[in-house]
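# Understanding the architecture of this molecule
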Amino acid sequence: MSKRIYVDLSDEKSGVTGTCQLLDMYFPEKTYGADGYTSNIAGIVDCGSFQGEDDDELLNSSFNFDVTKPEFGILTHGHLDHYGRYPFAIKNGFQAPIFTTYVTKTFLREVFLADCLKIEKRHAKKKGIEPAYTELETQKMCDYMVGCAYHKEIKYNDNISIYFFDNGHVPGAVVTLIQLTYPGYEDLNIVISGDYNDHNTFFKVNPLPQWVYNLPNLTIIIESTYGNTKISDLSPACFIKNVVRALKDNKIVIVPAFSFVRTQEVDYALKEAQDVGILDTKYSIYNDGKTSIGCTKLFLEGVFKMYPHTKDFLPQNLTFVEDKELRKFLKHDNTPKIIVASSGMGSYGPSQTYIDKFAVNPNALIHATGHLSSNSKLGILRESNDIAATFCDTDEFSAHAKLEALKGFIKPFNYENVKSIIVTHGEPTVEDDFSKDLEETFGIKTYVLSANVTFRITSDGIVQTFERRDCV
């Protein structure tokens, strides 16, 4: 084993949120690292917050590896469950470059990190404890982030190169390629899908370059959020129909939506409905939520390359709610209107206050627009009989690829060169089903990433698994 390159891969915890994959990379002889010449270099892919778990607080205040060891981090996109613990890691000694795209860095620097810190302070105050990190750590994270271009080599040292490729999940999201080389030894290539989608409402998503599909000695790590969901399993699009019907019935429409992309997608859907005459422009539309408004303004500033037809995505008669007085007015005004408020599960942000106000109002529609964990405010409300308002939800805005697109991600690769596939980022039953499906479809040995197991990857794929250990 010492005569080849190998990587020990492990994850912080199995599941959908809290993504943090540890890569401990070993070379046949010495390679140059942060502290001089060494035989191994550790890196992490994402360092996210856990959400919707019973033990969130414990998970978000600890690590099961030494955070001072990784010499670099990768941030695949700007969602809290992928970046939210980087400041906490910095508080505990992480001092390394965090490679990400220019777009992701901009969204974090301008909007997300301030919001992340605000949530942490509010949580700490509620619990009567000190915040897990401060503004100092969020500023350090801004300093550590290295903005990178798509399709350009990020050369960490003579033996480790990183590439970012298009991903439709959100603006700035990436598919990541990590290449490990050493003179006289077989290369090792790892492709990481990240949270993946093959298309996006606002921008073009190109496939991977052909040279990536033909790489030898390849292991693919692929997400599985909707790994057992076919497009035909989804309910028909219903959002605009439900909203229009509610307004015609003189109802107030509350739309909880995630700040990043979901709010903008909802706005664009409303605009399209106005443009074709389905939605009357007489109805006022409001966007409430500092983070979502901040994201919308970055969209309008053109921080990423948008389709020309989506640059003007805001509906007519839209007002940003940027003061408490207007929010107070809206909660007491019974005029039919649409209020799009963050956050998407209703547990945080202004959406929770609107939900509390209007859930008891039979003259209201609360329309969810995304995944709802069972213990979120909207997840609980969906199962409750104690609600006077009409409740609807839809999955038509999902940012994650379904089964067909996930398999389509793998299909163009040269199967003889793909030595193994590793499934991650899904509920246990979904991961298992998806893993079996991939192995049957492509004839490639497929594994499910587990928090308790370390997977040893070589040019031959997974050659060994053993009980997880820390990076050394």
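Summarised in this report is the structure supplied together with it. Model, not experiment: these values are computed from the prediction.

### Focus: the overall build of the protein
Broken down by element type, the protein carries 14 helices and 21 strands. Taken over C-alpha atoms, the radius of gyration comes to 23 Å for the protein, in line with the 23 Å a tight globule of 472 residues would show. For the protein, the proportion of its 472 residues judged to be buried stands at 59%. A sequence separation of at least 24 residues applies to 74% of the contacts in the protein between residues at least 6 apart. For the protein, the accessible surface area stands at approximately 19,900 Å², while carbon and sulfur atoms represent 48% of it. Taken together, the 48 basic and 62 acidic charged side chains of the protein have centroids lying 4 Å from each other.

### Looking at the side chain of T291
Note that T291 resides in helix α9 (residues 290-301). A polar side-chain atom of T291 sits 2.9 Å from a polar atom in the side chain of D115. Not counting residues within four places of it along the chain, the set of residues in contact with T291 comprises V111, F112, D115 and S259.

### Observations regarding the sheet that holds strand β13 (residues 284-288)
By definition, the strands of a sheet pair up through backbone hydrogen bonds, in either a parallel or an antiparallel sense. Here we have six strands laid out as an open sheet, ordered β14-β13-β15-β12-β16-β17, and parallel in their pairing. Strands with a single pairing partner mark the edges of an open sheet, and in this sheet they are β14 (318-321) and β17 (390-393). Neighbouring strand axes in the sheet, compared pairwise and without regard to direction, differ in orientation by 20° on average. As paired elements, strand β12 (residues 252-256) and strand β16 (residues 364-368) share three bridges and run parallel to each other. Across the sheet, the residue bridging to I252 is A364, located in β16. Helix α7 (residues 239-248) rests against β12, β15 (337-341), β16 and β17 of the sheet, and its axis sits at about 170° to β16. Together, β13, β14 and β15 form the strand contacts of helix α10 (residues 324-332), whose direction differs from that of β14 by roughly 120°.

Conventions we followed
Residues numbered from 1 in each chain as written. Predicted model: local features only at pLDDT ≥ 70, side-chain atom pairs only at ≥ 80, totals over all residues. Heavy atoms only, no water. Helix = DSSP H or I, 4+ residues; strand = E, 2+ residues; numbered from the N terminus. Rg over C-alpha atoms; globule rule 2.2 N^0.38 Å. Buried < 20%, exposed > 50% of the residue type's maximum accessible area, 1.4 Å probe, protein only. Contact = heavy atoms within 4.5 Å. Areas by Shrake-Rupley, 256 points an atom, 1.4 Å probe, with all protein chains shown as cover. Lys, Arg positive; Asp, Glu negative; His and termini not counted. Charge placed at Lys NZ, Arg CZ, Asp CG, Glu CD. Polar contact = N/O pair within 3.5 Å; in protein donor to acceptor, adjacent residues only side chain to side chain. Pairing = 2+ DSSP bridges. Axes fitted to C-alpha atoms, helices over the stretch in contact; angles between N-to-C directions.

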